[in-house]
Amino acid sequence: MAETVFVRKATGLVREVGLLSAILYCLTYSGQLMMPPTTIPYYFGWGNYTGNFWLGVLIALITTMLVNSVYAHFSSAMPRSGGDYVFLGRTMHPLLGFAPNWTWVWVASFWNGLNLLFFADIVRLFLSGFYPAETIASLSTPGASFGIGLVLWIVVLVMLVGGLKWFLRAQYVSWILQFITAGLVAAFFVWAAPSFASIFNSWASQYVPGQPDMYNKILSDAVAAGFPATPTPEGPAMERTLAFAAMAVGAAAPYTAGIIWIAGEVKRAESGVRQHVAMEVATILFYLMLILVGWTWVLAAGPRFLGAFNYLGSAVEGLPLSFFEWSWLPVVMPSWSVNFYIIAALSSLIIVYSAGILVVSRCLFAWSFDRMMPSFLAHVNDKYKSPTNAIFTASAISVILLALEVNINIWTYIGAAYFLVLVNMIIVSVAGLVFPYLRKDMFEQMPLKSRIAGVPVFSIISLLAIVFVGWTLTSFFTNPDLMASFGITQTMTITGVVIWVIGIVVYFIARAYNKSRGIDLDIAFRQIPPA
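Criteria and cut-off values
Here, residues in each chain are numbered from 1, in the same order as that chain's written sequence. Residues qualify for local features only when their pLDDT is at least 70, as the model is predicted, and side-chain atom pairs are given and counted only at 80 or more; totals for whole chains, interfaces and linings, by contrast, use all residues. The side-chain figures draw on all heavy atoms in the structure; neither hydrogens nor water molecules are used. We count a stretch as a helix when DSSP gives it H or I for four or more residues in a row; a strand needs E for two or more, and each element gets its number in order from the N terminus. The contact criterion used is simple: two residues touch if any of their non-hydrogen atoms lie within 4.5 Å. Put simply, two rings from Phe, Tyr or Trp (the six-membered ring, in Trp's case) pair if the centres are within 6.5 Å, and we call them stacked under 30 degrees between planes, edge-to-face over 60, tilted for the rest. Residue burial is assigned from relative accessible area. The probe radius is 1.4 Å, only protein chains are included, and a residue is buried under 20% of its type maximum, exposed over 50%, and partly exposed in between. Here a salt bridge means any side-chain nitrogen of Lys or Arg lying within 4 Å of a carboxyl oxygen belonging to Asp or Glu.

Participant: Explanation requested: the side chain of Asn 112 in the structure shown.
Facilitator: Here Asn 112 is to be found in helix α6 (residues 94–128). Filtering out sequence-adjacent residues up to four positions away, Asn 112 remains in contact with Tyr 353, Gly 356, Ile 357, Val 360 and Ser 398.

Next up, the structure:
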């Protein structure tokens with residue numbers, strides 16, 4: 001019997017994600033409660049504190065909502081797991097479906113590995129409240145970080161192979177803890193703002209007793225090292241405001257559109273309105289969390305002081321502080337509230353890492369279902385309705401990357417991750433711009449196909465998304481301080497080119513292999529996969 005284009009007539013996945021769970025999933029995948037502590041430093045670091053924070057947030061919010069609208073339009077037209085792989089390949093060309101999604105899978109897997117690493121960091125913060133620094137120093141080694149990260153890996157793997165139900169339940173519990181924690185963090189930093197310098201000096205004295213004014217010493221040491229004594233205002237290109245906006249967009253999108261990759265398991269995913277509600281409500285909550293948890297830290301400590309600390313390498317000898325905000329919580333928060341934050345953060349990492357594995361596994365599943373990858377990745381467990389082989393594979397990839405990330409300078413590659421995701425957003429938006437014209441048959445069947453003066457609203461939104469994402473991307477070329485670490489560096493260029501080239505090679509290998517077996521992949525990409 002000849003093999004069919006698709007692996008089977010139905011995916012075997014079950015639609016069990018409701019609207020509230022979809023909203024929380026989109027918010028979860030954006031990295032809350034861990035997102036503000038890792039994103040806000042891009043505002044005060046690299047001289048960006050001379051930009052306009054609130055304008056940057058506004059630009060990022062508008063950009064994210066536009067991009068999410070493009071994803072929501074597409075996903076409601078083709079409500080299948082696999083996200084941009086499915087609708088890019090069906091709109092433009094199979095190669096332009098696979099190669100960008102291949103890149104996205106590796107970026108998402110990179111963050112999955114980092115979430116395991118962040119888990120180790122939060123565990124060390126928890127233990128620091130009970131043991132002296134020298135006692136837990138051995139837990140900061142690469143091997144220890146890898147071992148601690150494996151704990152989260154095992155917990156999530158066991159949970160996900162049993163289907164979505166346990167993840168969805170864990171998500172509800174975690175978000176109760178996270179919203180409470182966000183309020184606590186905001187309250188303590190706002191309380192500390194009027195007298196942060198004295199509070200900081202009092203806290204620092206337990207580590208450096210011979211220095212009564214560590215706050216101003218950090219400022220003076222940074223200036224002596226080359227930190228501008230007089231802040232340099234940004235230029236007309238808004239290179240500093242846009243640099244922060246670009247990082248905020250890269251942290252929010254497309255993660256707040258996360259349900260597009262599990263659309264085959266979302267109830268009424270064909271509803272464009274419901275998809276918009278899930279993504280845009282999550283986006284608004286994302287930026288609210290950024291302000292509550294992140295901006296209040298800057299408000300209290302002062303952007304120039306944090307900029308000076310960042311200039312010194314985000315480390316001061318004798319002080320247990322780092323680039324991440326969570327290391328600063330003990331400065332202003334009592335131990336009980338820090339421990340509450342830690343519990344919420346650990347619960348956040350469980351569901352964030354879970355969401356990341358779900359996304360990567362569904363992309364692997366979609367590739368396999370279209371015969372772009374071996375068919376065993378499309379296997380769905382009959383009892384749990386879960387693509388267990390794809391989940392195991394996605395999890396294994398994250399552990400391999402964790403093993404690499406504990407031994408390298410991850411910040412060398414984070415800029416590449418942000419840039420590649422922003423480029424993917426432009427590719428998706430270009431596809432949205434032309435979709436009503438290239439695939440008129442599908443467009444006319446969409447739930448959202450309104451026009452303004454004869455022009456599809458979908459195309460208008462896509463064009464605006466291209467403009468706004470492209471605008472934020474200019475900071476990678478115009479901001480000299482950012483460019484040195486996160487701009488178009490040699491590392492970023494090589495990383496991006498290698499990933500794309502491998503993706504293109506894999507596509508042509510899969511195409512040739514299937515052709516030798518009498519299977520024409522073009523047929524698959526001319527239709528929406530079975531539900």
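And the narrative resumes.
Participant: Help me out: how do you make sense of the packing of aromatic side chains in this one?
Facilitator: The description of two aromatic rings rests on the distance between their centres and on the angle between their planes. A full pass over the atoms with the stated rule returns 50 aromatic pairs. The interplanar angle of 0 degrees and the centroid separation of 4.6 Å between the aromatic rings of Phe 74 and Phe 87 together place this pair among those described as stacked. Here Phe 74 is found in helix α4 (residues 53–77), whereas its partner Phe 87 is found in helix α5 (residues 84–91), with 13 residues between them in sequence. Grouping residues by exposure puts Phe 74 and Phe 87 together as buried.

Participant: Looking at this model, I keep getting lost on the pattern of salt bridges. Mind explaining?
Facilitator: Close approach of charged atoms lets side chains of opposite charge pair. Evaluated as defined, the whole model comprises six salt bridges. Ionic pairing is found between Asp 121 and Arg 124, a salt bridge with its closest N-O pair at 3.5 Å. Remark: Arg 124 and Asp 121 occur in helix α6; sequence separation between them is three residues, near one turn of the helix. Between Arg 362 and Glu 265 there is a salt bridge whose closest N-O contact spans 2.6 Å.

Participant: Explanation requested: unusual backbone geometry in the structure shown.
Facilitator: The bulk of non-glycine residues show a negative phi, and the bulk of peptide bonds are trans. With an omega of 10 degrees, the peptide bond running from Gln 32 to Leu 33 counts as cis. One can find Leu 33 in the loop between α1 (19–29) and α2 (35–39). In this structure, the amide linkage connecting Ala 253 to the following residue, Pro 254, adopts the cis form with an omega of 5 degrees. Assignment of secondary structure puts Pro 254 in the loop between α12 (239–252) and α13 (272–301). The phi angle at Ser 314 is positive, at roughly 55 degrees, despite the residue not being glycine.

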